[in-house]
Amino acid sequence: MASQNLPAPVAIPENLTQLPWYLPSIGTRLTDGFRALLSEYANIPEELQCEHIYQARDAAFQTFPLATIGEFWFLTLGLSEHPKYTLLVERLKLASTIKRPILVDIGTCIGQDLRKLVYDGAIPEQFVGIDIFADFAEVGYSFFKDKTLMGNCFETADIFETNEQDYLNRTLGSWDVVTSSLFLHAFDLANQFKAITKMFKLVKGRGSCILGLTGADLNGQDVPVLPPLVPEGVKKSRYVHSTETLTELFKAVSESLGLEVSIETGYQEDVDSVYTQAIQTSFFATSNARILFYFVEIL
């Protein structure tokens, strides 16, 4: 499926390498699961994997310097740690004869979670990954060596876009599953409400679901967004949820749309998870930082 050639080295500007969430070392982020994905899906020999990751990380970081990239969180394959992941894979396998996308991944970044789904038995025709930054898709093709296989799986779109021609707005009401990983915590409550509203509008209805994970805290709270992410003097915040506050938000949005739903939320508590071991070391971590899973089904 893949060549063993590495992408050309990327000369990353010094101003980006000086950002505090640009880590010089992968550390513990490279899990056995991701090594297997690189070895068996992308055919990258184990002895070349670290170099391959550094080069892809730098290319993606220049596209947009997200902490997910700078701190190597994309290596964790967070969706695969979701309590409902096995059920998700089985749902996709059972629907393998449906040759159209039934899952949309919001804020897909370089598409690592979608490659993991293919590795675990799904087929590429079943999903589309959405990101506002088009270059992430190209980084993903280079990283996983799979443009021939996955070339139709990514679209550039903005969940907040109101233009009817935007990809998401053209596919409202057509999806069985909406996923997102480390996405919601980037926004304040007002924009989270808008994003979740769009997620509900994307799904078909009864039996459809929304699932994913977000950065969280034991106490829901506003967190200031500080320079260099915003200019000096600009006041901006984002909201990190607790299980209680995220449940309340999904309930409020579903009620505003007249939908009956079941809502499950819970923290990642697996002691073997990199999230559990290292989430509080993130530059953006709050005092009681956690990873929070959610699963919402339309009844």
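Residues numbered from 1 in each chain as written. Predicted model: local features only at pLDDT ≥ 70, side-chain atom pairs only at ≥ 80, totals over all residues. Heavy atoms only, no water.

Things to note about the domain arrangement of the protein
- For the protein, the assigned domains are domain 1 (14-73) and domain 2 (77-298).
- A separation of 20 Å is found between the C-alpha centroids of domain 1 and domain 2.
- The partner domain 2 presents 30 residues to the 28 residues of domain 1 that form the contact.
- Interface of domain 1 and domain 2: buried area, both sides summed, is about 2,500 Å²; carbon and sulfur atoms make up 78% of it.
- Across the domain 1-domain 2 interface, the total number found is zero salt bridges.
- Linking domain 1 with domain 2 are five residue pairs in polar contact (both at pLDDT 80 or more).
- Secondary-structure elements contributing two or more residues to the side of domain 1 that touches domain 2 are helix H2 (32-41), helix H3 (49-63) and helix H4 (67-70).
- With seven residues, H2 is the largest single contributor of residues to the side of domain 1 that touches domain 2.
- The residue inventory of the side of domain 1 that touches domain 2, partitioned by class, reads 19 nonpolar, six polar and three charged. (Domains from an automatic or database assignment. Contact = heavy atoms within 4.5 Å. Buried area = accessible area lost by both parts, 1.4 Å probe. Salt bridge = Lys/Arg side-chain N within 4 Å of Asp/Glu carboxyl O. Polar contact = N/O pair within 3.5 Å; in protein donor to acceptor, adjacent residues only side chain to side chain. Helix = DSSP H or I, 4+ residues; strand = E, 2+ residues; numbered from the N terminus. Nonpolar A, V, L, I, M, F, W, Y, C, P; charged D, E, K, R; others polar.)

What to know about the sheet that holds strand S3 (residues 154-156)
- In spatial order, the strands read S3-S2-S1-S4-S5-S9-S8; together these seven strands make up an open sheet with mixed pairing. Because the sheet does not close on itself, it has two edges, and the strands there are S3 and strand S8 (261-267). The mean angle between the axes of side-by-side strands here comes to 20 degrees, regardless of whether they run parallel or antiparallel.
- As paired strands, strand S1 (residues 103-106) and strand S2 (residues 127-131) are joined by four bridges and run parallel to one another. Along S2, the bridge assignment pairs Leu-103 with Phe-127.
- Across the face of the sheet, helix H10 (residues 189-202) comes into contact with S1, strand S4 (177-181), strand S5 (209-217), S8 and strand S9 (289-298) while running at roughly 150 degrees to S4. (Pairing = 2+ DSSP bridges. Axes fitted to C-alpha atoms, helices over the stretch in contact; angles between N-to-C directions.)

Concerning the environment of Thr-28
- Among the secondary structure elements, Thr-28 is positioned in the loop between helix H1 (14-17) and H2.
- Overall, the relative accessible area of 51% leaves Thr-28 in the exposed class. (Buried < 20%, exposed > 50% of the residue type's maximum accessible area, 1.4 Å probe, protein only.)

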